[in-house]
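Analysis of the macromolecular model
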Amino acid sequence: MSARQPDLWCTLFGGVRAWREDIELTLGPPKQRATLGLLLAAGGQPVTVGQLIGALWDDEPAASAVNQIHRYIGTLRRIFEPAIARRAVGQWLLPVGAGYRLAAPNDLQRFRSLVADAHRSAPPESTTLLVEALRLAAAPPGDEPLRGLPLMVAVEDERVRAAVLAAQHGIRCGMAADVVPGVRGVAAEHPLDEPLQAALIRCLHAAGRSAEALTVYGQTRDRLRDELGADPGPELANAYRAALTSTPAAPVTAVPTVRDPAPAPAQLPAAPPAFAGRAAALVAIGDDGGPVSVISGMAGVGKTTLALHWAHTHAADFPDGQLYVNLRGFDATGRPAEPNDALRDLLQSLGVAPATLPDEAEARGALLRTLLASRRLVIVLDNARDARQVEPLLPGRTDSRVIVTSRNRLASLVARASANLVNLEPFTGDEAAQFLTKRLGPARARGAPRALERLHDACGGLPLALAIVAARGVLNPVFPLDLLASEMTNSVAPLDLLVDDDQEVDLREVLTWSYRALTPDAATALHALAIHPGPDISLAAAVSLTALPAARTRTALTALTAASLLRETAPGRFAYHDLVRRYALEQAATDLVETTTRLLAHYLHSTRTACLQYGRPPLVALPPPAGGVVPESPTGPTDAVHWYQRERAVLQSIVRRAADQGDSWTVLLITQDWRPMSDNIDAPRDLLPYVRLALDAASAVEKHTGGDVPLALIAECHRDAAAKFARSGDLDTARSHYDTALRGFERLGDLTGQANTLRNMAVTLARDPQERMDLAARAVQAARGCGVPLVLCTALSAYGQMQRMAGRPRDAFPAFLEGLALSGQYPGGENLAPQLLAELARNHAAIGDVADAVAFGERALEAARHVNDLMNEVGLLAEHGDALLATGHPSRARRAWQRYLDLSANSGIADSVAHEVGRPAADTARYVRAKLAALPPED
């Protein structure tokens, strides 16, 4: 270990090791080392004792497992700190809830920091950072026995992504030779990873080592054939062709003027297996098809399959990535996606921070066109309802390609967007034979041409029906194809699944045929998952919906996937074709009430668990979940935010469904519990539809519950609504709801609610300095009386802020320092530290102490990024740049100001900050740009 490292330094990559003052430490027996390895892999997040036991014991754990974990932790503490008192916590292994968190400096922490800095930089600086990251992570994470554990697999995935990114950046700036060693080292561990091997091939070729590139391709091709029975995919084949036919690009000496805020998106669902036919359609979409193609046709005709096949085949032609959005135009249970929501998802995929998005669809569309103007992407807009959904999502003048799929022809896009219309018909007999041959195998299909013809006729050439038939054939390899064909042609059923489509196809009979072959568990899962609003469902939610044990649920989902009734869109996430969903709903008609109850309960309890990670006591206790419901369990605020980001579309659909069903309690509780996650991510205006649903639900609960209504929850709903309206600029509506909330809390004698409401009013509503001071002082007084330390923290922060804004910064220090001390003593306080540290930085700047302003500013920004607190990061960056420049650090000031512009472009969170400080976001942005322009050029 280098002498420049910290006194204690731990490593995960290449094995679990630790040093203290350059002396390597002996970490003890395997399970003790494994405990440290798992804490390292968690990246500073808590790991529960239950998670440690599940990872360390393959079979039934010993009764003493919990005590053994505690002993391992105690021993590791004494290894790290020999002088530590017995039973003392020390500074490196910290108890958090029902688990532990490792706070020691380590190589994973450094690796992630380097990769994050690379994302924020442009070549060649980004390439240098990635080369260093790969040098640090030169070997897989953990000791060999641990590498199959989910935490280790996730870290290894990060290493693979960093290698691919390093190759891309190295090629762009002429540093391919520098990144080859690191990329080659990672690629050696993953010989069947085609994107990684393709990145190595391109990198070797760009470095002038084309012969080695061709050798890598040959070795990878042979392994794929020998081990998987597969040929190279499009990405690997395109890299091979480039190495074979092109001249290595000359080094790029100029730094690009456009900085990519995120790695190129790669969102396409998996390439469809056994693609067949469609030669004319592929030509129509091809290079002469124009920037926008609309694939139309009946349900189940293979529109999405064609779009994804084309996009995957041509992915290498679009170096800036691939975007995919399911517009859900014909979803069986959900509503079509709103253009504004789709724009949000596209912009986030292009690196725009969620909380910095413009509010209006028009502004979001303009930002999307701006970002796409200088990029070359392929964009698939799947399952569109009408042209209204699509038009706001289209780029302007661009080299990107857009493929839209819809059951409707969307002819208006021809005039407005010069779209190319591709009408897709069912398979011809030859195409169906080709498709079935690929699915069933040449040996089986070759001897039964008449059976293939009969299957084509029975399915009307509809690819979805043929895929289901083929899946049944694959699952029953001894069935003669003539028997399958006879079963199809001899069955009769009404055609009420495709009411408006070609009546020659009895898809319902095809589905019934597959349905009858399902195991009872698979049939249960088919029914249960059909009521989920989508767009996809997690394995954990599936367990709750089916009320089956997790292992049986997973087996059932595997069976449905094998039967082509379900598809796995990402590891552990599943989706239906909308026709299959409709069929499943029909079959499950008598079971919907109980399953719907479990659906709502799953997300109600999962959201509550996520909310509790912030240390906030709930206003209303939930009854235990119903039998079979197994809520998801995020651990810590960061995990809760990630869970919310994955499930946000589902949660919003659940709230709308609960509102439609008159389930006011579920609406009210979910919208109140998701606030700690959504407030740091969503723009306030985007949440207003759900605020209104929550207010309607609160009114219904008050009306129908009588004396049992929890008035604190109703008042809290009004407080939250007031804050959202205020931050969206509707101050009159905000004041009305603040008054309602305050009256409710005063009637209850609820000092916590009063403190929070008065604090919100001071920060978001009042404009007169004295009124702000008075409201904040009342908030502190109420908070001291309520006995909840974190409520007092936030009130003290607001009080100090109002004092400084009133021109009394020295009087504000006691409030900020008291609040900061409290935040470090209680669970959940880490979420309040960024605000208090930022206020201390501003206070020091206000009295002319710029050195301490810089020190507290650095601590505040680090704390904000740790808990994903964009509001406080955006709020401080401009002022922090001023303090850095005043202390003689122009390069660091430049980075702070640029970061501000990157995060606050086109308002979003910047407007919320601006509302509270009384200066428009546009004025701050102009100020920052002027300061940047005045800086001398960097060397």
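Residues numbered from 1 in each chain as written. Predicted model: local features only at pLDDT ≥ 70, side-chain atom pairs only at ≥ 80, totals over all residues. Heavy atoms only, no water.

We now examine the overall build of the protein chain. The secondary structure content of the protein chain amounts to 43 helices and 14 strands. Pairs at least 24 apart in sequence give 68% of the contacts found in the protein chain among residues at least 6 apart. (Helix = DSSP H or I, 4+ residues; strand = E, 2+ residues; numbered from the N terminus. Contact = heavy atoms within 4.5 Å.)

What follows is about the side chain of threonine 635. Within the element layout of this structure, threonine 635 appears in the loop between helix H27 (592-612) and helix H28 (637-660). Excluding anything up to four places from it in sequence, threonine 635 contacts Gln45, Pro46, Thr48, Gln51 and Gln613.

Another point: the sheet that holds strand S14 (residues 573-575). One key point about sheets: their strands pair by backbone hydrogen bonds, in either a parallel or an antiparallel sense. The strand order across the open sheet built from three strands is S12-S14-S13, with neighbouring strands paired in antiparallel fashion. With partners counted over all chains shown, the strands left at the sheet margins are strand S12 (537-538) and strand S13 (567-570), one partner each. Two elements, S13 and S14, share three bridges in a ladder whose sense is antiparallel. Its bridge partner being in S14, alanine 570 is matched across the sheet by arginine 573. (Pairing = 2+ DSSP bridges.)

A word on the sheet that holds strand S3 (residues 23-24). Reading across from one edge, S1-S2-S3 is the order of the three strands in this open sheet, with antiparallel pairing throughout. With one partner strand each, in any of the chains shown, strand S1 (8-11) and S3 form the two edges of the open sheet. Sheet topology places S1 next to strand S2 (residues 17-20); four bridges connect them, and they run antiparallel. If you follow cysteine 10 over to S2, its bridge partner there is alanine 18.

With that out of the way, let us pick up the nonpolar core. It is characteristic of soluble globular proteins that their nonpolar side chains tend to be buried jointly. Counting residues in each nonpolar core, the largest one holds 128 residues, and the members touching the most others are Leu526 and Leu560. With nine residues, the single largest contributor to this core is H28. Counting 76 residues, the second largest nonpolar core, distinct from the first, contains Ala18, Val47, Leu52 and Ile53. (Core = buried A, V, L, I, M, F, W, Y, C linked by side-chain atoms within 4.5 Å. Buried < 20%, exposed > 50% of the residue type's maximum accessible area, 1.4 Å probe, protein only.)

Here we come to the confidence of the model for the protein chain. For residues with low pLDDT, the predicted coordinates do not support detailed interpretation. Per-residue confidence for the protein chain gives a mean pLDDT of 82, with 89% of residues at or over 70. Low pLDDT, under 50, characterises residues 249-261; the predicted model gives this stretch 22 contacts beyond four residues in sequence or across chains. In this model, residues 914-919 is a region of pLDDT below 50 whose contacts with residues beyond four sequence positions or in other chains number 16 contacts. (pLDDT = per-residue confidence, 0-100.)

Inspection of every chain in the model, using the stated rule, returns six aromatic pairs. An angle of 45 degrees between the planes, with centres 5.6 Å apart, marks the rings of phenylalanine 427 and phenylalanine 435 as tilted. Phenylalanine 435 matches phenylalanine 427 in its accessibility class, with the two residues each being buried. The aromatic ring of tryptophan 57 is capped on one face by lysine 31, whose charged end is 5.3 Å from the ring centroid. One cation-aromatic arrangement involves arginine 376 over phenylalanine 318; the distance from NZ or CZ to the ring centre is 4.8 Å. (Phe/Tyr/Trp six-rings, centres within 6.5 Å; stacked < 30°, edge-to-face > 60°. Lys NZ or Arg CZ within 6 Å of the ring centre and 35° of its normal.)

What follows concerns the environment of phenylalanine 13. For phenylalanine 13, the location among the structural elements is in the loop between S1 and S2. Judged by its relative accessible area of 8%, phenylalanine 13 falls in the buried class. Distance from phenylalanine 13 to aspartate 143, taken between C-alpha atoms, is 8.6 Å for residues 130 residues apart in sequence.

Looking at where leucine 452 falls in the secondary structure, it is placed in helix H19 (residues 449-458). C-alpha of leucine 452 to C-alpha of leucine 481: the two residues are 29 residues apart in sequence and 7.6 Å apart in space. The residues touching leucine 452, leaving out its near neighbours within four places in the chain, are Ala433, Leu436, Thr437, Ala445 and Leu481.

This part covers the pairing of strand S11 (residues 420-423). Of the two faces of S11, only the one carrying Asn420 and Val422 is buried; Leu421 and Asn423 on the other face are not. As paired elements, strand S7 (residues 292-296) and S11 share four bridges and run parallel to each other. Bridged to valine 294 within S11 is leucine 421.

If you trace the backbone, serine 653 turns up in helix H28. For serine 653, a relative accessible area of 8% translates into the label buried. If sequence neighbours within four positions are ignored, serine 653 has contacts with Arg328, Pro533 and Gly534.

Count 3.6 residues to each turn of an α-helix, and residues three or four apart come out pointing the same way. For helix H7 (residues 176-189), built from 14 residues, the straight-helix expectation of 20 Å at 1.5 Å per residue is met to within 8% by its first-to-last C-alpha distance of 20 Å. The largest bend along H7 measures about 30 degrees and falls at glycine 182. Residues Ala176, Val179, Val180, Val183, Val186 and Ala187 constitute the buried set of H7. (Expected span 1.5 Å × (residues − 1). Bend = angle between axes of the 7 residues up to and from the residue.)

Further remarks concern the pattern of salt bridges. Under the criterion given, the structure shown has 31 salt bridges. Notably, a salt bridge pairs arginine 608 with aspartate 673, separated by 2.7 Å at the nearest N-O pair. Of this pair, arginine 608 sits in helix H27 while aspartate 673 sits in helix H29 (residues 664-673), placing them 65 residues apart in sequence. The exposure class assigned to arginine 608 is buried, which follows from its relative accessible area of 8%. Residue classification places aspartate 673 among the buried residues on the basis of a relative accessible area of 7%. (Salt bridge = Lys/Arg side-chain N within 4 Å of Asp/Glu carboxyl O.)

The next thing to look at is helix H40 (residues 870-886). Between its first and last C-alpha, H40 extends 25 Å over 17 residues, near the 24 Å set by a 1.5 Å rise per residue. The buried count for H40 comes to 13 of 17 residues, which makes it a mostly enclosed element. Looking one or two residues past H40, glycine 888 carries a phi angle of roughly 85 degrees, positive in sign.

The N-to-C vectors of helix H5 (residues 125-136) and helix H6 (residues 150-172) enclose an angle of 145 degrees; their axes lie 9 Å apart at closest approach. Crossing geometry of H5 relative to H6 is assigned as left-handed. The segment H5 lies against H6, with Ser126, Thr127, Leu130 and Leu134 engaging Arg159, Ala162, Ala163, Leu165, Ala166, His169 and Gly170. Residue classes in the contact of H5 with H6 are distributed as six nonpolar, four polar and one charged. (Axes fitted to C-alpha atoms, helices over the stretch in contact; angles between N-to-C directions. Left-handed = near helix turned anticlockwise from the far one by under 90°. Nonpolar A, V, L, I, M, F, W, Y, C, P; charged D, E, K, R; others polar.)

Turning our attention to the packing of helix H34 (residues 751-765) against helix H36 (residues 789-805). The contact between H34 and H36 brings their axes to 10 Å, and the two run at 25 degrees. Judged by the angle between their axes, H34 and H36 are roughly parallel. Seen from above, H34 lies across H36 with left-handed handedness. Residues Thr752, Ala755, Asn756, Arg759, Ala762 and Val763 of H34 touch H36, and the partners they reach there are Val791, Thr794, Ala795, Ala798, Gln801 and Met802. Taken together, the residues of the contact of H34 with H36 break down into seven nonpolar, four polar and one charged. (Parallel < 35°, antiparallel > 145°, perpendicular 65-115°, else oblique.)

Among the five residues in strand S8 (residues 322-326), four count as buried, and that is most of the element. Taken together, the five bridges between S8 and strand S9 (residues 378-384) define a ladder with parallel strand orientation. Bridging from a neighbouring strand, asparagine 326 pairs with aspartate 382 of S9.

This model, assessed by the stated rule, comprises zero disulfides. Counting only cysteine sulfurs, cysteine 173 is the nearest neighbor of cysteine 203, a cysteine outside any disulfide, at a range of 10.0 Å. For cysteine 203, a relative accessible area of 0% puts it in the buried group. (Disulfide = S-S within 2.5 Å.)

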